[in-house]
Protein chains: 2
Amino acid sequence: MVCTERTPRVAAARQLARRAGRTRAGRFLAEGAQAVREALRWAAEGRGTVHELFFTAPAAERNPELLDAARAAGVPLSEITERAAAGLSETVTPQGVVAVCDTVDVSVEQALAGRPKLVAVLVGVADPGNAGTVSRVADAAGADAVLFAGDTVDPHNGKCVRASTGSLFHLPIARERDLTAVLDACRAAGLRLVAADGYAEHDLDTAAVRGTLDEPTAWLFGSEAHGVPQEVLDTADESLRVPIYGGAESLNLATAAAVCLYASARAQRVRS
Amino acid sequence: MVCTERTPRVAAARQLARRAGRTRAGRFLAEGAQAVREALRWAAEGRGTVHELFFTAPAAERNPELLDAARAAGVPLSEITERAAAGLSETVTPQGVVAVCDTVDVSVEQALAGRPKLVAVLVGVADPGNAGTVSRVADAAGADAVLFAGDTVDPHNGKCVRASTGSLFHLPIARERDLTAVLDACRAAGLRLVAADGYAEHDLDTAAVRGTLDEPTAWLFGSEAHGVPQEVLDTADESLRVPIYGGAESLNLATAAAVCLYASARAQRVRS
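These numbers were taken from a predicted model, which means no experiment stands behind them. (Residues numbered from 1 in each chain as written. Chains lettered and ligands numbered in written order. Predicted model: local features only at pLDDT ≥ 70, side-chain atom pairs only at ≥ 80, totals over all residues. Heavy atoms only, no water.)

### Quick word on the UniProt feature "domain: RNA 2-O ribose methyltransferase substrate binding" (unreviewed entry) in chain A
- As annotated in UniProt, the feature "domain: RNA 2-O ribose methyltransferase substrate binding" (unreviewed entry) corresponds to residues 29–107 of chain A in the numbering used here.
- This span, residues 29–107 of chain A, is 42% helix and 23% strand, and a straight line between its end C-alpha atoms measures 20 Å. (UniProt positions renumbered as here; feature names shortened; annotations may be inferred. Helix = DSSP H or I, 4+ residues; strand = E, 2+ residues; numbered from the N terminus.)

Rendered as structure tokens:
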């Protein structure tokens, strides 16, 4: 029996496409083959639960191994119509396979447990695609955690999940509206607070700066429109910009974060 | 008199929203305040011509200095309706100010004149947003040129222009469908051909590799779906991957290009 958008379990899952529904249920939707694969791996490691899996017939044909893995893990499977799949998707091209998962976030303290060396802090980043892409970059650079601080988008937003390409399931994610509490926790964990700021006096390649990049660091990234707020710049240990050697005014958030996080990752590995 | 989408000069400009129309006219549309500002600067430097400027009343109110600059440069100005502006835009949120410009591209030989040290080569990159963002990153990293090679998107595509945030006007851009000719020209210009390849044996941080990054380099970037084609990898001097220190499978094209281009830019500056 194929479920439609009116089938109660599909209608219930659809609530998770909105933040309020996710908060109420403590669950979210991981859409697409890659996200579902990472979710099943995350559940297999005992880090959370995949509660059910919805799939369309064409998606099942494209990803038989995913359905087998879900079945083997005891995850209830339901075939859904294309229209039901569209209702569970926040993208214009629904991928036809969606897992209902426990939300992934942990407390800031848990995220920072165990002597972190490299952490990415999103400060008021409202764009879900940017937040997801920075999470992916942080994961690639070997960061120990990503903290969604202040008025930052919900990491479980569908576009954020998609842009993270599974990284939300790889490394600890925390969210905390109280920005001061996040910064204090980073300091208590022994991290230097370094703000990425296009107007900073020093850049990443400044000789004196290069010597500090190998220290345990929490990189603070603001929104594209507003950057890191002034009061945060005032309290950070340092502000650095990516050097602009050509005519561009700036980099976008994700590419700037990539250069910053890899500069630290490289410095930490070369020194160690 | 406000022009509508049926006014002949608006209808003519609308042809430039398609590749065939751009090729026929040798002109393209630079949309948005930032692109128009850079286009006027580019024209002031004698590098090309801005033929006319279309604006809506609200856009004129938001950017009076742009209209003044265009007027001072002798660029014909026409007020248009919101609907006409939408017809000239390839984005869902038309910005209401659009310049008709000469296409910016030069020959590969011109782009590589004058001992280039750092060049970005797009090999079969079909996504205009990615191509534009890589152009912006290359500009920021101080690259000497960006070459759109093989089956790569037209640099004058509206989404590419937008993602480049003006960088297309900053550094030499060339396009050439004959990929072999592009690679030969790079070699003739004294550039090492280094392909960015997620499956390469060596990564950017490999000690032996770090010593070569300061040499004059043409970085080859492929599409997200297919990467750099195998026959190009076979002919390149080297293939390198961005090291993945965490759980992510890969980086997206723009963030990978940022890490690669900045690694070269840094190495070239530290050594010199």
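### Quick word on the relation of the copies chain B and chain A
- Its rotation angle being 180 degrees, the transformation that places chain B on chain A also includes 0.0 Å of axial translation and leaves an RMSD of 0.0 Å. The superposition operator between the copies reduces to a two-fold rotation axis. Looking at the rotation axis and the C-alpha trace of chain B, the residue lying nearest is Thr255(B), at 2.4 Å.
- Mapped onto chain A, 100% of the interface residues of chain B again fall at the interface, so both copies present the same surface. (Least-squares fit on C-alpha atoms with pLDDT ≥ 70 in both. Contact = heavy atoms within 4.5 Å.)

### Some remarks on helix α3 (residues 33–44) of chain A
Residue and element names in this part refer to chain A.
- When the terminal C-alpha atoms of α3 are compared, their 16 Å separation across 12 residues agrees well with the 16 Å that a helix rising 1.5 Å per residue should span.
- Among all positions of α3, only Ala33, Ala35, Val36, Glu38, Ala39, Leu40 and Trp42 are buried.
- Looking at the buried residues of α3, the elements they touch are β1 (27–31), β2 (50–55), α5 (64–72), β4 (97–102) and α9 (158–164).
- Gly46, located one to two residues past α3, shows a positive phi value of around 75 degrees. (Expected span 1.5 Å × (residues − 1). Buried < 20%, exposed > 50% of the residue type's maximum accessible area, 1.4 Å probe, protein only.)

### Re the sheet that holds strand β9 (residues 202–203) of chain B
Residue and element names in this part refer to chain B.
- Strand order in the open sheet formed by 7 strands is β7-β6-β5-β10-β8-β11-β9, and the pairing between neighbours is parallel. Only two strands of the sheet have a single neighbouring strand rather than two, namely β7 (173–176) and β9.
- Two strands pair when backbone bridges link them, and β9 and strand β11 (residues 238–241) are joined in this way by 2 bridges, in the parallel orientation. Residue Asp203 lies in a different strand from β11, and its bridge partner there is Arg241.
- Taken strand by strand, helix α8 (residues 128–140) contacts β5 (118–123), β6 (145–149) and β10 (217–221), and its axis lies near 155 degrees from that of β6.
- Relative to the sheet, helix α10 (residues 179–188) contacts β5, β6, β7, β8 (192–196) and β10, its axis offset from that of β6 by approximately 155 degrees. (Pairing = 2+ DSSP bridges. Axes fitted to C-alpha atoms, helices over the stretch in contact; angles between N-to-C directions.)

### Re the side chain of Glu5(A)
- Following the sequence through the fold, Glu5(A) ends up in the segment before α1 (8–14).
- Ignoring sequence-local partners within four residues, the contact set of Glu5(A) consists of Val10(A), Ala11(A), Arg14(A), Thr81(A), Arg83(A) and Ala84(A).

### Focus on the side chain of Glu52(A)
All names here are of chain A.
- The residue Glu52 is located in strand β2 in this model.
- Within the structure, Glu52 has its side chain in polar contact with the side chain of Arg9 (distance 2.7 Å).
- If sequence neighbours within four positions are ignored, Glu52 has contacts with Arg9, Val75, Pro76, Ser78, Val98, Ala99 and Val100. (Polar contact = N/O pair within 3.5 Å; in protein donor to acceptor, adjacent residues only side chain to side chain.)

### Regarding the interface of chain B and chain A
- At the junction of the two partners, chain B supplies 35 residues and chain A supplies 35 residues.
- Summed over both partners, the interface of chain B with chain A comes to about 2,700 Å²; 58% of that surface belongs to carbon and sulfur atoms.
- Three residues, Arg136(B), Tyr245(B) and Arg266(B), lead the burial of chain B against chain A; their summed loss comes to 24% of the area buried on that side.
- Seen at the junction of chain B and chain A, the total is 2 salt bridges.
- We note a salt bridge from Arg266(B) to Asp205(A), for which the minimum N-O separation is 2.7 Å.
- Counting the contacts that link chain B with chain A gives 20 residue pairs in polar contact (both at pLDDT 80 or more).
- For the side of chain B that touches chain A, the secondary-structure elements that each account for two or more residues are α3 (33–44), α8 and α13 (253–271) of chain B. (Buried area = accessible area lost by both parts, 1.4 Å probe. Salt bridge = Lys/Arg side-chain N within 4 Å of Asp/Glu carboxyl O.)

### Things to note about the sheet that holds strand β4 (residues 97–102) of chain B
Residues and elements named next belong to chain B.
- Here we have 4 strands laid out as an open sheet, ordered β1-β4-β2-β3, and mixed in their pairing. Edge positions in the sheet fall to β1 (27–31) and β3 (77–79), since each has one partner strand and no second. Averaged over all pairs of adjacent strands, the angle between strand axes in this sheet comes to 20 degrees, irrespective of strand direction.
- Contacts from α3 reach β1, β2 (50–55) and β4 within the one sheet, and its direction differs from that of β4 by about 35 degrees.
- Each of β2, β3 and β4 is contacted by helix α5 (residues 64–72), which is oriented at about 140 degrees to β3, the strand it contacts most.

### Concerning the pairing of β10(B)
Residues and elements named next belong to chain B.
- Burial runs high along β10: 5 of the 5 residues are buried.
- Of the pairings in the sheet, the one linking β5 to β10 comprises 5 bridges and is parallel in character. Opposite Leu118, over in β10, you have Thr217 as the bridge partner.
- Note: β8 against β10, 4 bridges, orientation parallel. When the sheet's bridge partners are listed, Leu193 is paired in β10 with Ala218.

### Section: the domain arrangement of chain A
All names here are of chain A.
- Looking at the assigned domains, one finds that chain A contains domain 1 (8–102) and domain 2 (108–271).
- Contacts between domain 1 and domain 2 engage 16 residues on the former and 15 residues on the latter.
- Both sides of the domain 1 and domain 2 interface together cover about 1,400 Å² of buried area, and 52% of this is carbon and sulfur.
- The three residues of domain 1 that bury the most area against domain 2 are Arg19, Phe28 and Glu90, which together make up 36% of that side's buried surface. (Domains from an automatic or database assignment.)

### A few points about unusual backbone geometry
All names here are of chain A.
- For Arg115, which is not glycine, the phi dihedral falls at a positive 50 degrees.
- Since its relative accessible area comes to 77%, Arg115 is described here as exposed.
- Phi at Thr165 is positive, roughly 45 degrees, even though this residue is not glycine.
- The residue Thr165 is located in the loop between α9 and β7 (173–176) in this model.

### Concerning the pairing of β8(B)
Residues and elements named next belong to chain B.
- With 4 of 5 residues buried, β8 is to be regarded as a mostly interior element.
- Pairing analysis gives 3 bridges linking β8 to β11, with the strands arranged parallel. Residue Ala196 lies in a different strand from β11, and its bridge partner there is Leu240.

### Things to note about the pattern of salt bridges
All names here are of chain B.
- Taken as a whole and assessed by the stated rule, the structure comprises 30 salt bridges over all chains.
- A salt bridge links Arg9 to Glu52; the shortest N-O distance between them is 2.7 Å. Taken together, the positions of Arg9 in helix α1 (residues 8–14) and Glu52 in strand β2 put the pair 43 residues apart, joining distant regions of the chain.
- When its relative accessible area of 38% is taken as the criterion, Arg9 is described as partly exposed.
- Note that Asp154 and Arg22 form a salt bridge whose closest N and O atoms lie 2.8 Å from each other. A residue pair is termed long-range when its members are at least 10 positions apart, and Asp154 in the loop between β6 and α9 (158–164) and Arg22 in helix α2 (residues 19–25) qualify at 132 residues.

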